[in-house]
Amino acid sequence: MSQLSEEDCAILDLEENWRASYASKSDAVRDVFGWTMTRYHIRLAALLDDPAAIYARPVTVGRLRRLRDRRENERGASTRGHDRPSSARLKG
């Protein structure tokens, strides 16, 4: 199994602790890495699928994967029309 890089560990550290020092995650990302949020999310998404990250930080990675999966499910439901109120669904 590969090991996490220092940068990968810093990403997970930020996910665990950014609220203690920053008003927003984008401020933390810009300050710590000098990255845009787009670049950060691309790196984070890849990291969440890395077995080494899951092994190193199972609670954090598990929480972030659940959030990602929930958001993906919500996006999928809205593209299928399941975001309508239940009464509208019943009427057809």
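Whatever comes next refers back to the structure up there.
First things first, this report covers the structure right here in the doc.

1. What to know about the overall build of the protein chain
Along the backbone of the protein chain there are six helices and zero strands. Helices (α) and strands (β) of the protein chain occur, in sequence order from the N terminus, as α-α-α-α-α-α. When the accessible surface of the protein chain is totalled, it reaches about 6500 Å², and 51% of it is carbon and sulfur.

2. A word on helix H3 (residues 37–48)
Every α-helix carries 3.6 residues per turn, so stepping three or four residues along brings you back to the same face. For H3, which comprises twelve residues, the first-to-last C-alpha distance of 16 Å matches the rise-based estimate of 16 Å (1.5 Å per residue) to within 8%. Taken together, the buried positions of H3 are Tyr-40, Leu-44, Leu-47 and Leu-48. Mapping the buried residues of H3 onto a view down its axis gives an arc of 95°, with all of them on the same face. Exposed residues lying more than 90 degrees from the buried face of H3 are Thr-38 and Ile-42.

3. Quick look at the layout of surface pockets
Volume-wise, the largest pocket comes out at about 330 Å³. Along its surface, the largest pocket is lined by 15 residues, and His-41, Leu-44, Leu-64, Arg-68 and Arg-71 are the ones closest to its centre. Going through the elements one at a time, helix H1 (6–21), H3 and helix H5 (58–79) are the ones with two or more residues in the lining of the largest pocket. Here the element with the most residues in the lining of the largest pocket is H5; it accounts for seven residues. Here the lining of the largest pocket is built from residues that sort into six nonpolar, one polar and eight charged.

4. A short note on the side chain of Glu-15
Mapped onto the elements, Glu-15 comes out in helix H1. The exposure class assigned to Glu-15 is buried, which follows from its relative accessible area of 2%. Look past the residues within four positions of Glu-15 in its chain and what remains in contact with it is Lys-25, Tyr-40, Leu-44, Thr-60, Arg-63 and Leu-64.

5. Digging into the pattern of salt bridges
Under the definition given, this model contains eight salt bridges. Salt-bridge contacts for Arg-57 lead to Asp-13; the nearest nitrogen and oxygen are separated by 2.7 Å. Highlighted residues: Arg-57 in the loop between helix H4 (51–56) and H5 and Asp-13 in helix H1, separated in sequence by 44 residues. Note on Asp-13: relative accessible area 33%, which makes it partly exposed. Between Glu-15 and Lys-25 there is a salt bridge, with the nearest N and O atoms lying 3.0 Å from each other. With a gap of ten residues between them, Glu-15 in helix H1 and Lys-25 in helix H2 (residues 25–33) connect regions that are remote in the sequence.

6. A look at the packing of aromatic side chains
Summed over the entire model, instances satisfying the criterion amount to two aromatic pairs. Look at Phe-33 and Trp-35: their rings are 4.5 Å apart centre to centre, the planes differ by 20°, and that puts the pair in the stacked class. The pair formed by Phe-33 and Trp-35 is uniform in burial state, with each residue classed as buried. Considering the side-chain rings of Phe-33 and Tyr-40, the 6.2 Å spacing of their centres and the 35° angle between planes classify their relative orientation as tilted. Tyr-40 matches Phe-33 in its accessibility class, with the two residues each being buried. Through a chain of ring-to-ring contacts, three or more aromatic side chains come together here, namely Phe-33, Trp-35 and Tyr-40.

Rules of the game
Residues numbered from 1 in each chain as written. Predicted model: local features only at pLDDT ≥ 70, side-chain atom pairs only at ≥ 80, totals over all residues. Heavy atoms only, no water. Helix = DSSP H or I, 4+ residues; strand = E, 2+ residues; numbered from the N terminus. Areas by Shrake-Rupley, 256 points an atom, 1.4 Å probe, with all protein chains shown as cover. Expected span 1.5 Å × (residues − 1). Buried < 20%, exposed > 50% of the residue type's maximum accessible area, 1.4 Å probe, protein only. Arc of directions from axis to C-beta. 1 Å grid on protein atoms, 1.4 Å probe; cavity = no way out; pocket = protein on both sides within 12 Å on 5 of 7 lines; lining within 4 Å. Points joined across faces, edges and corners; volume = space filled by probe spheres on them. Nonpolar A, V, L, I, M, F, W, Y, C, P; charged D, E, K, R; others polar. Contact = heavy atoms within 4.5 Å. Salt bridge = Lys/Arg side-chain N within 4 Å of Asp/Glu carboxyl O. Phe/Tyr/Trp six-rings, centres within 6.5 Å; stacked < 30°, edge-to-face > 60°.

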